[in-house]
Number of protein chains: 2
Amino acid sequence: MASPSSSSIDQVSWRASVLSRHLQQSTDNSFQSLQSSVCLQYSPPELSEKFEFDVREMRRLLDDHNFEDRDWLMGLMMQSNLFSPRNSGGKVFVSPDYNQSMEQQREVTMKRIEYLLDRGVFKGWLTDRTLEGEMRKLTLMDVVTVFDHSLSVKIGVHFFLWGGAIQFFGTKRHHDKWLKDTEDYKVKGCFAMTELGHGSNVRGIETITTYDSNTGEFVINTPCESAQKYWIGGAANHATHTIVFSQLYINGSNQGVHAFIAQIRDLDGNICPNIRIADCGHKIGLNGVDNGRIWFDNVRIPRENLLNSVADVSPDGQYLSEIKDPDQRFAAFLAPLTSGRVNIAGGSICSSKISLAIAIRYSLTRRAFSVSASRPEVLLLDYPSHQRRLLPLLAKTYAMVFAVNYLTKVYVTRTPKTNKSLHIVSSAFKAMFTWHNMRTLQECREACGGQGLKTENRVGNLKGEFDVQTTFEGDNNVLMQQVSKALLAEYISAQKRKKPFEGLGLEHMNGPSPVILAQLTSSVLRSTKFQMDIFCLRERDLLKRFADDVSQHQAQGESKAHAVLLSFQLAEDLARAYSERMVLQTFFESETCHSEGPLKNVLGLLKTMYVMICLEEDASFLRYGYLSIENAAAVRKEVMKLCSELRPHALSLVSSFGIPDAFLSPIAFNWVEANSWSSVHH
Amino acid sequence: MASPSSSSIDQVSWRASVLSRHLQQSTDNSFQSLQSSVCLQYSPPELSEKFEFDVREMRRLLDDHNFEDRDWLMGLMMQSNLFSPRNSGGKVFVSPDYNQSMEQQREVTMKRIEYLLDRGVFKGWLTDRTLEGEMRKLTLMDVVTVFDHSLSVKIGVHFFLWGGAIQFFGTKRHHDKWLKDTEDYKVKGCFAMTELGHGSNVRGIETITTYDSNTGEFVINTPCESAQKYWIGGAANHATHTIVFSQLYINGSNQGVHAFIAQIRDLDGNICPNIRIADCGHKIGLNGVDNGRIWFDNVRIPRENLLNSVADVSPDGQYLSEIKDPDQRFAAFLAPLTSGRVNIAGGSICSSKISLAIAIRYSLTRRAFSVSASRPEVLLLDYPSHQRRLLPLLAKTYAMVFAVNYLTKVYVTRTPKTNKSLHIVSSAFKAMFTWHNMRTLQECREACGGQGLKTENRVGNLKGEFDVQTTFEGDNNVLMQQVSKALLAEYISAQKRKKPFEGLGLEHMNGPSPVILAQLTSSVLRSTKFQMDIFCLRERDLLKRFADDVSQHQAQGESKAHAVLLSFQLAEDLARAYSERMVLQTFFESETCHSEGPLKNVLGLLKTMYVMICLEEDASFLRYGYLSIENAAAVRKEVMKLCSELRPHALSLVSSFGIPDAFLSPIAFNWVEANSWSSVHH
């Protein structure tokens, strides 16, 4: 780890070493210069920036758990040529070669997985169900994402989708047969849910499975082109088995969507009889994942291959289920998929951290324009506008890191009672964080200028690699609507029951509505009470407005479902309000555990910046009068002030992400040397 | 052209043919189906959507000029295998193969240029200086952009940057020697302005040129690594010559930035002595352009290679210039580069049109979720939320098409008197339109779900290809600040002169401030007077606030330059207000030339949507009280209403873009067939 050490002695010696490396480089320069004025030189930001809090302590707060596992896996990747180490500017960077064709990227991704497998990275991922095992697995997934999203998605499909389906939809017979072999990659799994014609609307899929009691087999069939399985990660090249989602017909009546295990390739990689597979083709990112399409031509599988945790079919063809209501049965099927959204929320923030670390480091070494002719050019991050572009995103990213840590804990300790709340929070965070990431990446890319376009610099490239997150595992817009619909249902039911809210985070609505002071001074804006109050006020008011709007539409004769569709704008505003309040709460909780001191002070600045930027960006506050015009002006002023207060901590804050230099990029370090003639391969 | 014909008889027969093709396809289906319910079928939107205005007439309004040239070049590209025609879903699409490596993409881009050259596409681009010739050139550039941004950028560098520099910075000796050869690609030009250390701040470049009167030569030198020329399109592989921007030292004193011609490769493609070239490497898009880096090791060029329209050096080494002030000299150098911003603004809207045509066509054929169990799934564009996502962007794009047409006219008819205004408008439009495009692409990509990620579907891929536009030829944020600084200067000078505003579009500020009605009904919101008034009100108020804010900072002891930096938020708000008002004005002008009728009615809807969405999205209206809370609510309601009013015209509106089917993508047409097993290459 290159991040500076916490003890001040260490810090001094570390700075001295940076300085001496820097001076050494300078003596190599033998340029002919016609003028006395010196050309641009790279100066490491560590030489000029201060570290006013303990970066290692902050890193522990952010990473939260499994620190050694993190460092171990980072190290494993840095040690292998498979991870494409490249020398640039006197440093080694690992990062996939994105100038490779789709076919090459897929092969090297598979090889990387085999390497990690051999080193024991996946040990226990499906067989160790302890809390420690779960945390280790989630940590290692996160670290893989730092290197490459294709790699983590391909691993995720195998372990979380294929493996998770067997764990959660299957029973002992499936666990015994598949989990160990999956963990060892003796089988390679994929997950065939989405079809050409149906993505977010899983209930509408058209694949059909019937039962043949003469042979004791299920028969899976793709009845038409729109029913072909689509986007199936692993299907195009590597997977040997798949989970198939299908409508199950028993005696001619549809029992709804069920999941089956089918083999699609033999151990030599040949496609099985009655299976047809085609490629999804080249994508704008994630080309290391071999997405494919599958057609089933009356494929016969043993009865035992039905994943029967929720429902089963007896040998003589009787349909058996504890859950009689098909809606509830369907919900039970999808509930375990929450892990996908937890991973996605985490992965998106991982990407935001990388891009901010790179863009902020660059902005501390790149200069442009002088304010007056005699003065040197100004560092990008010393422009108030540049601070305004990057520092609020940094504060949001910090807030979301705490939220991801919270979500992870809720996930690994979930119970049937917390499932509903987990579903809502994970949906809201998945949508909000992946959008935040896309926006952060775009801003960071532009903030790096043309350098942001070079794939070696990662920032711009991450856009293509992570774009998929906004629509897979539930389209973000659909998820936002679902969050608000769930809150609405809770609201209506609480009113009917005349009981207080409980369990979904709406407890704050049990008390009286918070009152916001007429005049917001800086110290009020920075107070915990105001911050929570204004977020709660917005949320409860929007929920009420949403409920009113829907019932108004219903009063005009619209069906409830259609009324909700018509109120989509309030629904989206509400889901945002809900999510941002939840995030803030996790920030408070992470902050309060901490003792007073410089670290807590900076956390306070970040938290206030998070609140202020939410107030500034969501027009709801003005639109519905939660903030007066004068108070909105005070908020804007506060954002500016916070930018200049956070500016001195910018380097420490991105150093605290603890991302090893090798996983950042050349422009984050000595980009003059990295671009020098001597570094060109001749 | 596949767009429907205007006469109703033609339209009937055309629909009949669509229908019969459709039915024919259906009979080919021989799927085994276990249920009576039919699987998803593709239905062409032309069968269900109405055409209520004359699409061909709308297309003429949008394309404005050189219709035959457009169709001719589209046809040329469709006819050649070099443009990678591919069959999909019974249609042929042309589009680069983005799964090719950078090296392959560069070579095929060069071959495409040679093909177009052979067909006479570039005839007159530099030798025909008539108005017709200019319009033809700009039209053809636009058409090339529809196919591929790499192709248009590579052509643009050669003709507009290299060729333009010779035209505008050079004099007769340069014109005679280079223009014809450039037009015939006997020389291949590039344009070395940007350096590793300096992009937007051109005045800070570090390349140094001196004059040797003994030999009558200039000596160009790269004194240090940060002075290496960077991002030079064409330099890595193909260019033989370059324009070099450099500080010119005469007798030890710096005369500022000047432009020179230097040869970098011989006719066999070997790099010339004292020239070093390296590659910029793989990028997130535009890999068909061979961006390179150049070092000059005391390269000697003849004295005549100074582009001497602004300044010259006599054989004995005297520096001669009519313009004594170095600032003015520098401005004179850069003024002709406005063509770049005009092209970029046009190209970005071109990209928005493609993506909207694809996303809207897809949303008229793709269904998801049923509102009630018995009913079929709902077309994406029948969701109010989906309308809200796409139709305001469509209206903005229409408005910007008219603005681009206006900008083009101002550009080709420019005079020294209009140069300043042209500079400001082109800067504002370049920034605003390229941001609009990136946002439109992202929304369209998400609106297409996973299909938006496949490069063959274009929408997502255009993001990587066009991303460069937000930062090249002037970083957007820098341009926005420049616009506001220019407006501020005009404001201050008008106050000092006590004369009315003239020439920069601020004339509306000469009259009294408009008064907005207290209660805005739908009909007021749709009135021309209100629409222009509210935009003018915002602009004049923001300009005044910006001026006040800057002088307040100055009063607190800040330098003027720093005061402007501190007021960056008002500066950006103002530049947006200026740009949106200018765009609206061009919309009014395009609309008023038109006679009453269905087409004009739809234009009216689009124009009102444009205004409403600007009102909705810019928080300034609430923040500074141009709109009351009640009126902002009325605006939001109006946006919803306009969405449903524009919905029936969605297909006609994107058909009016006149983009041949071949330049759209498989999901814009029969995507079920395009994905069928029979279409897979076995």
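Residues numbered from 1 in each chain as written. Chains lettered and ligands numbered in written order. Predicted model: local features only at pLDDT ≥ 70, side-chain atom pairs only at ≥ 80, totals over all residues. Heavy atoms only, no water.

- Named according to an unreviewed UniProt entry, chain A is Acyl-coenzyme A oxidase originating from Protea cynaroides.
- Looking at chain A in UniProt, the text filed under Sequence similarities (unreviewed entry) is "Belongs to the acyl-CoA oxidase family."
- The heading Catalytic activity (unreviewed entry) in the UniProt record of chain A holds the text "a 2,3-saturated acyl-CoA + O2 = a (2E)-enoyl-CoA + H2O2". (UniProt positions renumbered as here; feature names shortened; annotations may be inferred.)

Let's talk about the overall build of chain A
Now for step 1: Secondary structure summary: chain A contains 23 helices and 13 strands in total.
Now for step 2: Here chain A has a C-alpha radius of gyration of 27 Å; the compact-globule value for 682 residues is 26 Å, and the two agree.
Now for step 3: In terms of overall dimensions, chain A has a C-alpha envelope of 95 × 65 × 40 Å along the principal axes.
Now for step 4: The buried share of chain A, taken over its 682 residues, is 64%.
Now for step 5: Intrachain contacts of chain A at a sequence separation of at least 6 include 74% that bridge at least 24 residues.
Now for step 6: Of the roughly 24700 Å² of accessible surface on chain A, 52% is carried by carbon and sulfur atoms.
Now for step 7: Each charge class in chain A was averaged separately, 74 positive and 74 negative side chains, and the resulting centres sit 3 Å apart. (Helix = DSSP H or I, 4+ residues; strand = E, 2+ residues; numbered from the N terminus. Rg over C-alpha atoms; globule rule 2.2 N^0.38 Å. Buried < 20%, exposed > 50% of the residue type's maximum accessible area, 1.4 Å probe, protein only. Contact = heavy atoms within 4.5 Å. Areas by Shrake-Rupley, 256 points an atom, 1.4 Å probe, with all protein chains shown as cover. Lys, Arg positive; Asp, Glu negative; His and termini not counted. Charge placed at Lys NZ, Arg CZ, Asp CG, Glu CD.)

As for the sheet that holds strand β10 (residues 291-296) of chain B
Sheets are built from strands that pair by backbone hydrogen bonding, the pairs being arranged parallel or antiparallel.
Residues and elements named next belong to chain B.
Now for step 1: As summarised here, the arrangement of the three strands in space is β6-β10-β9, forming an open sheet in which the pairing is antiparallel. Edge positions in the sheet fall to β6 (229-233) and β9 (275-279), since each of these pairs with one other strand and no more. Sheet twist, expressed as the average angle between the axes of neighbouring strands with direction ignored, equals 35 degrees. (Pairing = 2+ DSSP bridges. Axes fitted to C-alpha atoms, helices over the stretch in contact; angles between N-to-C directions.)

Structural notes on the interface of chain B and chain A
Now for step 1: In this complex, chain B contributes 94 residues to the contact, which on the side of chain A involves 94 residues.
Now for step 2: Between chain B and chain A, roughly 8700 Å² of surface is buried when both sides are summed, and carbon and sulfur atoms account for 56% of that area.
Now for step 3: The tally of links from chain B across to chain A stands at eight salt bridges.
Now for step 4: Measuring nitrogen to oxygen at the nearest pair gives 3.3 Å for the salt bridge that ties D573 of chain B to R636 of chain A.
Now for step 5: With five residues, the single largest contributor to the side of chain B that touches chain A is helix α12 (residues 419-447) of chain B.
Now for step 6: Across the side of chain B that touches chain A, the residue classes break down as 41 nonpolar, 32 polar and 21 charged. (Buried area = accessible area lost by both parts, 1.4 Å probe. Salt bridge = Lys/Arg side-chain N within 4 Å of Asp/Glu carboxyl O. Nonpolar A, V, L, I, M, F, W, Y, C, P; charged D, E, K, R; others polar.)

Examining the relation of the copies chain B and chain A
Now for step 1: Screw-axis analysis of chain B against chain A gives a translation of 0.0 Å along the axis, an RMSD of 0.0 Å, and a rotation angle of 180 degrees. Taken together, these values place the two copies in the relation of a two-fold axis.
Now for step 2: An overlap of 100% is found between the interface residues of chain B and their copies at the interface of chain A, pointing to a shared contact surface. (Least-squares fit on C-alpha atoms with pLDDT ≥ 70 in both.)

Topic: the sheet that holds strand β10 (residues 291-296) of chain A
All names here are of chain A.
Now for step 1: Strand order in the open sheet formed by three strands is β6-β10-β9, with antiparallel pairing between adjacent strands. Of all the strands in the sheet, the pair left with one neighbour each is β6 (229-233) and β9 (275-279). Averaged over all neighbouring strand pairs, the angle between strand axes comes to 35 degrees, with direction disregarded.
Now for step 2: Pairing of β6 with β10 involves three bridges; the strand directions are antiparallel. Across the sheet, the residue bridging to K229 is I294, located in β10.

Remarks on the packing of aromatic side chains
Residue and element names in this part refer to chain B.
Now for step 1: This structure, assessed with the given rule, holds 49 aromatic pairs over all chains.
Now for step 2: Plain terms: the ring middles of F159 and Y185 are 5.6 Å apart, the flat faces sit at 80 degrees to each other, and that makes the pair edge-to-face. Of this pair, F159 sits in helix α7 (residues 149-169) while Y185 sits in the loop between α8 (172-183) and β3 (189-192), and the two are 26 residues apart along the sequence.
Now for step 3: Assessed through its relative accessible area of 2%, F159 is described here as buried.
Now for step 4: Given the relative accessible area of 11%, Y185 is considered buried.
Now for step 5: Here Y362 and W671 contribute two aromatic rings whose centre-to-centre distance is 5.6 Å and whose plane-to-plane angle is 65 degrees, an arrangement assigned as edge-to-face. Here W671 lies in helix α23 (residues 671-674) and Y362 lies in helix α10 (residues 338-363), a separation of 309 residues in the sequence. The pair Y362 / W671 is uniform in exposure class, with both members buried. (Phe/Tyr/Trp six-rings, centres within 6.5 Å; stacked < 30°, edge-to-face > 60°.)

Notes on the UniProt feature "active site" (unreviewed entry) in chain A
Residue and element names in this part refer to chain A.
Now for step 1: UniProt records the feature "active site" (unreviewed entry) for E473 in the present numbering.
Now for step 2: Along the chain, the position of E473 falls in the loop between α13 (459-466) and α14 (476-497).
Now for step 3: We classify E473 as partly exposed; its relative accessible area is 29%.
Now for step 4: Setting aside its immediate chain neighbours within four residues, E473 contacts L161, L337, G340, R341, I344, K430 and L479.

Examining the environment of R341 of chain A
Residue and element names in this part refer to chain A.
Now for step 1: Within the element layout of this structure, R341 appears in helix α10 (residues 338-363).
Now for step 2: One polar contact links R341 to H423, side chain to side chain, over a distance of 2.9 Å.
Now for step 3: In terms of polar contacts, R341 uses its side chain to reach the side chain of S427, at 3.4 Å. (Polar contact = N/O pair within 3.5 Å; in protein donor to acceptor, adjacent residues only side chain to side chain.)

So, the side chain of R70 of chain A
Now for step 1: Relative to the helices and strands, R70 of chain A resides in helix α4 (residues 67-79).
Now for step 2: The residues contacting R70 of chain A, other than those within four sequence positions of it, are R59, D63, H65, T139, D142 and V143 of chain A.

Topic: unusual backbone geometry
Residues and elements named next belong to chain A.
Now for step 1: For N251, which is not glycine, the phi torsion reads 50 degrees and is therefore positive.
Now for step 2: Tracing the chain through its elements places N251 in the loop between β7 (241-250) and β8 (253-263).
Now for step 3: Under the relative-accessibility criterion, N251 is labelled exposed at 70%.
Now for step 4: A positive phi is found at F369, a non-glycine position, where the angle reads about 65 degrees.
Now for step 5: Assignment of secondary structure puts F369 in the loop between α10 and α11 (384-412).
Now for step 6: Looking at F369, the relative accessible area reads 26%, which means it is partly exposed.

Considerations on the pairing of strand β4 (residues 208-212) of chain B
Residue and element names in this part refer to chain B.
Now for step 1: For β4, the tally of buried residues reaches four of five residues, placing the bulk of the element in the interior.
Now for step 2: Bridge count between β4 and strand β5 (residues 217-221): five bridges; the pairing is antiparallel. The partner of T209 across the bridge, within β5, is I220.
Now for step 3: Connecting β4 to the next strand, β5, in antiparallel fashion are four residues, including G216 with a positive phi near 70 degrees.

Details of the UniProt feature "domain: Acyl-CoA oxidase C-terminal" (unreviewed entry) in chain A
Now for step 1: Taking the UniProt record as the reference, the feature "domain: Acyl-CoA oxidase C-terminal" (unreviewed entry) is found at residues 531-664 of chain A.
Now for step 2: Taken end to end, residues 531-664 of chain A is 78% helix and 0% strand, and its two terminal C-alpha atoms sit 34 Å from one another.

A closer look at the confidence of the model for chain A
Residues and elements named next belong to chain A.
Now for step 1: The predicted model of chain A averages 93 in pLDDT, with 94% of residues at 70 or higher.
Now for step 2: Confidence drops under pLDDT 50 across residues 1-12; counting only partners more than four residues distant or on other chains, this segment forms 20 contacts.
Now for step 3: Contacts from residues 21-37, a stretch scored under 50 in pLDDT, to residues over four places away or in other chains number 17 contacts. (pLDDT = per-residue confidence, 0-100.)

So, the pattern of salt bridges
All names here are of chain B.
Now for step 1: Under the counting rule described, the total for this entry stands at 81 salt bridges over all chains.
Now for step 2: The partner of K137 in a salt bridge is E134, and the shortest N-O contact between them spans 3.4 Å. Here K137 pairs with E134, and both are found in helix α6 (residues 131-147), just three residues apart, close to one helical turn. We note that K137, like E134, is buried.
Now for step 3: As a salt-bridge pair, D548 and K544 come within 3.1 Å of each other at their nearest N and O atoms. With a gap of four residues between them, D548 and K544 both fall in helix α16 (residues 528-555), about one helical turn apart.
Now for step 4: Residue classification places K544 among the partly exposed residues on the basis of a relative accessible area of 42%.

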